[in-house]
Amino acid sequence: MKYDLDDYFFDLNGYIILKGAVQADLISQLNRSLDSFPTLPFKGWHGNVQRMDNNGDAGIELQNIVEAGAPFEQLIDHPSWLDRVKRYCGEEGTYVEGLFIDECFASIRRTGGFFAVHSGGHEAALRNQYKFLNNRFRCGQVNILLALTDIGPGDGATVIIPASHKSNIAHPRFLEEAGNTKEPPEGAIEVHLKKGDALLFVDALCHGACARTNPGERRVVIQRYGPSWGNTRYGFQYSKELLDRLTPERRRILQPIEPRTPR
Ligand SMILES: O=C(O)CCC(=O)C(=O)O
């Protein structure tokens, strides 16, 4: 396996920036779709997209945004990152090679919005783990954060602690502030992006976002990629009859997460 400079920096720092990843025309289409999106209450649905803000502070989060129309569908396998996410978390060269997006949402941040910094190598959860084994990347989850607006100082930018995907101990501020670190902790840097740039990072990297102080909106789309097996192996869906008659313990093993539908 031959690696390039971005692979080197991804391994070293846990992130890379893909400059101009998405062309201006598609960015405009994505923004227009969001402009015409109805205002939803928390947990309200529009088609198969649900507003479900991850925490009260970050802003509006429109989950399952891939169902919001053709422009969003183009992001699923966008050539600017597809090969790279396959390489980092797609189990390349194995019998389970392939990708699965387990979460995709648009995040709209207005003045005051922030995202407490979280994650880090010390957590070692399989889902977000950073691994490089036998000359292969074997990450659990790699995120694409695509900027739909320019993101500079005061805009509520994503913050990261470079190389923290390899940390063995928690950042002391996490412990002191019980996971609600509004001010980016020591070592964190703001990631400033132009619209169309994408931040690619392993979820084990300490990350979050600083508070937006400017007026207006910061808009991004976040897609979380993991290995293909984040699903039933051959795509079987369990019947309602079976799920209804199982004990809650058994059901949780076949279906750890309830399907979420508008009905
Ligand atoms: O909104 C951001 O910039 C960061 C989002 C984030 O930290 C997350 O989704 O885990």
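Use the structure listed above.
Residues numbered from 1 in each chain as written. Predicted model: local features only at pLDDT ≥ 70, side-chain atom pairs only at ≥ 80, totals over all residues. Heavy atoms only, no water.

(A) Region of interest: the site of the ligand. Phe105, Arg109, Phe115, His118, Leu145, Thr158, His207, Gly208, Ala209, Arg218, Ile222 and Arg224 make up every residue found near the ligand. In this structure, His118 approaches the ligand through a side-chain N or O atom, which is 3.0 Å from an oxygen atom. In the environment of the ligand, an oxygen atom lies 2.8 Å from a nitrogen or oxygen atom belonging to the side chain of Arg224. With the chains in place, 97% of the 290 Å² that the ligand exposes on its own is no longer accessible. The cavity where the ligand resides is the second largest pocket. For the shell around the ligand, the secondary-structure elements that each account for two or more residues are strand S5 (99-109), strand S6 (115-118), strand S13 (207-209) and strand S14 (218-227). Counted by class, the shell around the ligand contains five nonpolar, four polar and three charged residues. (Near = heavy atom within 4 Å. Polar contact = N/O pair within 3.5 Å; in protein donor to acceptor, adjacent residues only side chain to side chain. Areas by Shrake-Rupley, 256 points an atom, 1.4 Å probe, with all protein chains shown as cover. 1 Å grid on protein atoms, 1.4 Å probe; cavity = no way out; pocket = protein on both sides within 12 Å on 5 of 7 lines; lining within 4 Å. Sits in = over half its atoms within 2 Å of the grid points. Helix = DSSP H or I, 4+ residues; strand = E, 2+ residues; numbered from the N terminus. Nonpolar A, V, L, I, M, F, W, Y, C, P; charged D, E, K, R; others polar.)

(B) View of the side chain of Thr158. Within the secondary structure, Thr158 sits in strand S10 (residues 158-160). By relative accessible area, which is 6% here, Thr158 ends up buried. Among the polar contacts listed, one links the side chain of Thr158 to the side chain of Arg218, at a separation of 3.4 Å. Thr158 has contacts with Leu145, Ile189, Glu190, Val191, Leu199, Gly208, Ala209 and Arg218, leaving out every residue within four places of it along the chain. (Buried < 20%, exposed > 50% of the residue type's maximum accessible area, 1.4 Å probe, protein only. Contact = heavy atoms within 4.5 Å.)

(C) Examining the pairing of strand S12 (residues 198-202) more closely. Of all the five residues making up S12, five are buried; the element is thus mostly covered by neighbouring parts of the structure. Here S12 shows two buried faces, one formed by Ala198, Leu200 and Val202 and the other by Leu199 and Phe201. Inspection of the sheet shows strand S1 (residues 15-18) paired to S12 by four bridges, in the antiparallel sense. Its bridge partner being in S12, Leu18 is matched across the sheet by Ala198. When strand S9 (residues 142-147) meets S12, the two strands line up antiparallel, connected through five bridges. Within the sheet, the bridge partner assigned to Leu145 lies in S12 and is Leu199. (Pairing = 2+ DSSP bridges.)

(D) Structural context of a nonpolar patch on the surface. Together, Leu5, Tyr8, Phe9 and Leu12 line one region of the surface with nonpolar side chains, adding up to about 400 Å² of accessible area. Here Leu5 lies in helix H1 (residues 5-13). (Patch = residues over 30% accessible without salt bridge, like charges linked within 9 Å, V, L, I, M, F, W, Y side chains within 5 Å. Salt bridge = Lys/Arg side-chain N within 4 Å of Asp/Glu carboxyl O.)

(E) Looking closely at the pattern of salt bridges. Applying the stated criterion to the full structure yields 18 salt bridges. A salt bridge links Asp6 to Arg84; the nearest nitrogen and oxygen atoms lie 4.0 Å apart. Separated by 78 residues along the polypeptide, Asp6 in helix H1 and Arg84 in helix H4 (residues 82-89) bring together distant segments of the chain. Overall, Asp6 belongs to the partly exposed group, its relative accessible area being 28%. You can call Arg84 buried: its relative accessible area is 13%. Where Asp7 meets Arg84, a salt bridge forms, and the shortest distance between an N and an O atom there is 2.9 Å.

(F) Main features of the environment of Glu91. The residue Glu91 is located in the loop between H4 and S5 in this model. The class for Glu91 is buried, based on a relative accessible area of 18%. Note: C-alpha distance between Glu91 and Ser228 (137 residues apart in sequence) is 8.1 Å. In this view, Glu91 contacts Lys86, Val96, Glu97, Arg138, Pro227 and Trp229; residues no more than four positions away in its chain are not counted. Reaching out from Glu91, the side chain makes a polar contact with the side chain of Trp229 at a distance of 2.7 Å.

(G) Helix H2 (residues 24-35), seen in detail. Under the 1.5 Å per step criterion, the end-to-end length of H2 is 16 Å for twelve residues, consistent within 8% with the ideal 16 Å. Of the surrounding secondary structure, the elements contacted by the buried residues of H2 are strand S4 (60-63), helix H3 (70-73), S5, S9 and S14. (Expected span 1.5 Å × (residues − 1).)

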